[in-house]
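Chain and residue survey
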Amino acid sequence: SQQGEEDPQALSIQEGENATMNCSYKTSINNLQWYRQNSGRGLVHLILIRSNEREKHSGRLRVTLDTSKKSSSLLITASRAADTASYFCATSRGGFKTIFGAGTRLFVKA
Amino acid sequence: GAVVSQHPSRVICKSGTSVKIECRSLDFQATTMFWYRQFPKQSLMLMATSNEGSKATYEQGVEKDKFLINHASLTLSTLTVTSAHPEDSSFYICSADGQRPWIGKNIQYFGAGTRLSVL
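Throughout what follows, the structure given in this document is the object of discussion. (Residues numbered from 1 in each chain as written. Chains lettered and ligands numbered in written order. Predicted model: local features only at pLDDT ≥ 70, side-chain atom pairs only at ≥ 80, totals over all residues. Heavy atoms only, no water.)

1. Remarks on the interface of chain B and chain A
- The interface is formed by 23 residues belonging to chain B together with 23 residues belonging to chain A.
- In total, about 1900 Å² of surface goes out of reach between chain B and chain A, with carbon and sulfur atoms giving 54% of it.
- In this assembly, chain B and chain A are joined by 0 salt bridges.
- Connecting chain B to chain A are 3 residue pairs in polar contact (both at pLDDT 80 or more).
- Mapped by element, the contributors of at least two residues to the side of chain B that touches chain A are strand S4 (32-38), strand S5 (44-51), strand S9 (90-97) and strand S10 (108-110) of chain B.
- Broken down by element, the residue count for the side of chain B that touches chain A peaks at 4 residues, all from S4(B). (Contact = heavy atoms within 4.5 Å. Buried area = accessible area lost by both parts, 1.4 Å probe. Salt bridge = Lys/Arg side-chain N within 4 Å of Asp/Glu carboxyl O. Polar contact = N/O pair within 3.5 Å; in protein donor to acceptor, adjacent residues only side chain to side chain. Helix = DSSP H or I, 4+ residues; strand = E, 2+ residues; numbered from the N terminus.)

2. Quick notes on the packing of aromatic side chains
Residue and element names in this part refer to chain B.
- Following the criterion strictly, the structure yields 8 aromatic pairs over all chains and no others.
- Ring centres of Tyr36 and Phe110 lie 5.9 Å apart, and the angle between their planes is 40°; this geometry places the pair in the tilted category. Remark: Phe110 occurs in strand S10 and Tyr36 occurs in strand S4; sequence separation between them is 74 residues. Like Phe110, Tyr36 is buried. (Phe/Tyr/Trp six-rings, centres within 6.5 Å; stacked < 30°, edge-to-face > 60°. Buried < 20%, exposed > 50% of the residue type's maximum accessible area, 1.4 Å probe, protein only.)

3. Let's talk about the pairing of S9(B)
Residues and elements named next belong to chain B.
- Among the 8 residues in S9, 8 count as buried, and that is most of the element.
- As paired elements, S4 and S9 share 6 bridges and run antiparallel to each other. Bridge pairing links Phe34 to Ser95 in S9.
- Inspection of the sheet shows S9 paired to strand S11 (residues 114-118) by 3 bridges, in the antiparallel sense. Among the inter-strand pairings, Ser90 is bridged to a residue of S11, identified as Leu116.
- For S9 and S10, the ladder comprises 3 bridges, and the chain directions are antiparallel. Looking across to S10, one finds that Ala96 is bridged to Tyr109. (Pairing = 2+ DSSP bridges.)

4. Some points on the pairing of strand S8 (residues 76-81) of chain B
Residue and element names in this part refer to chain B.
- Buried residues dominate S8, accounting for 6 of its 6 residues.
- A two-sided burial pattern is seen for S8, the buried positions comprising Leu76, Thr78 and Thr80 on one face and Ser77, Leu79 and Val81 on the other.
- Here strand S7 (residues 67-73) runs beside S8; their pairing, made up of 5 bridges, is antiparallel. The residue of S8 that forms the bridge with Phe67 is Val81.
- From the end of S7 to the start of S8, which pair antiparallel, there are 2 residues.

5. Focus on the sheet that holds S7(B)
All names here are of chain B.
- The sheet built from 4 strands is open, its strands ordered S1-S3-S8-S7 with antiparallel pairing. The open sheet is flanked by strand S1 (4-7) and S7, the only strands paired with a single partner. For this sheet the average axis-to-axis angle between neighbouring strands, irrespective of direction, equals 15°. (Axes fitted to C-alpha atoms, helices over the stretch in contact; angles between N-to-C directions.)

6. Observations regarding the sheet that holds strand S6 (residues 55-58) of chain A
All names here are of chain A.
- Read from one edge to the other, the open sheet built from 5 strands follows the order S1-S3-S8-S7-S6, with strand pairing classed as antiparallel. Sheet topology places strand S1 (5-7) and S6 at the edges, where each strand pairs with a single neighbour. Averaged over all pairs of adjacent strands, the angle between their axes in this sheet comes to 15°, without regard to strand direction.

7. Observations concerning the side chain of B:Ser77
All names here are of chain B.
- Within the secondary structure, Ser77 is located in strand S8.
- Overall, the relative accessible area of 0% leaves Ser77 in the buried class.
- Polar contacts involving the side chain of Ser77 include one to the side chain of Trp35, which spans 3.0 Å.
- Leave out the neighbours within four places in its chain, and Ser77 touches Ile21, Glu22, Cys23, Met33, Trp35, Ser50, Ile69, Asn70 and His71.

8. Observations regarding the nonpolar core
- Within the largest apolar cluster, 39 residues are counted, with the highest numbers of intra-cluster contacts made by A:Leu43, A:Phe100, B:Leu44, B:Phe110 and B:Leu116.
- Tallying contributions element by element places S9(B) first for this core, with 5 residues.
- Here A:Leu43 is in contact with A:Tyr35, A:Arg36, A:Gln37, A:Phe88, A:Phe100, B:Leu44, B:Ile93, B:Phe110 and B:Gly111, once residues within four sequence places are set aside.
- Formed by 21 residues, the second largest nonpolar core is a distinct cluster that contains A:Ile13, A:Tyr25, A:Leu65 and A:Val108. (Core = buried A, V, L, I, M, F, W, Y, C linked by side-chain atoms within 4.5 Å.)

Written out as structure tokens, the structure reads:
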């Protein structure tokens, strides 16, 4: 399968709460990226973490990477209704081929 | 920032016709572009890697005669769905690799997608 695993598949939270999404992958990687997709639209790049990094921050986003467990997490703090979207992790191993995880659908209730 | 334009955004066609989708990098040259297919509430499945000036590399299970890819210039790749059938109805998305340190090597810049409906 092309895809890694992501959990949860769907997440519903109240505005202001934190949202955590997890991603596991199968092979060694050069980097791992998180993308956001609003319904029926293209993807927007959020953050890239390299294989030699363990944690990275960008605004309200915090990404961790554990290469020994082949897993990553995306934390969105103080969520807003506008954060409602699908979130995908994607891995890259050599070359330029990027493989996407199954995605987590996040719904933030106002 | 880097922008990728995809056209058309939506197309409805009759079964048996062919549909062409264009993907353009607007402010950078993309020697490599990617074509993905996405079914409702599912992830993106890589269909093929499009290389400027050479043949596309197709993923296993993707029919190259069904999904024709042409990457004739450094800013344009096209995907043609030939003899479309209802089961080809899907959301098709292209992306281009930044390939330059200042715009993010290995970061994919995505088009807005094309929703194909085959009647």
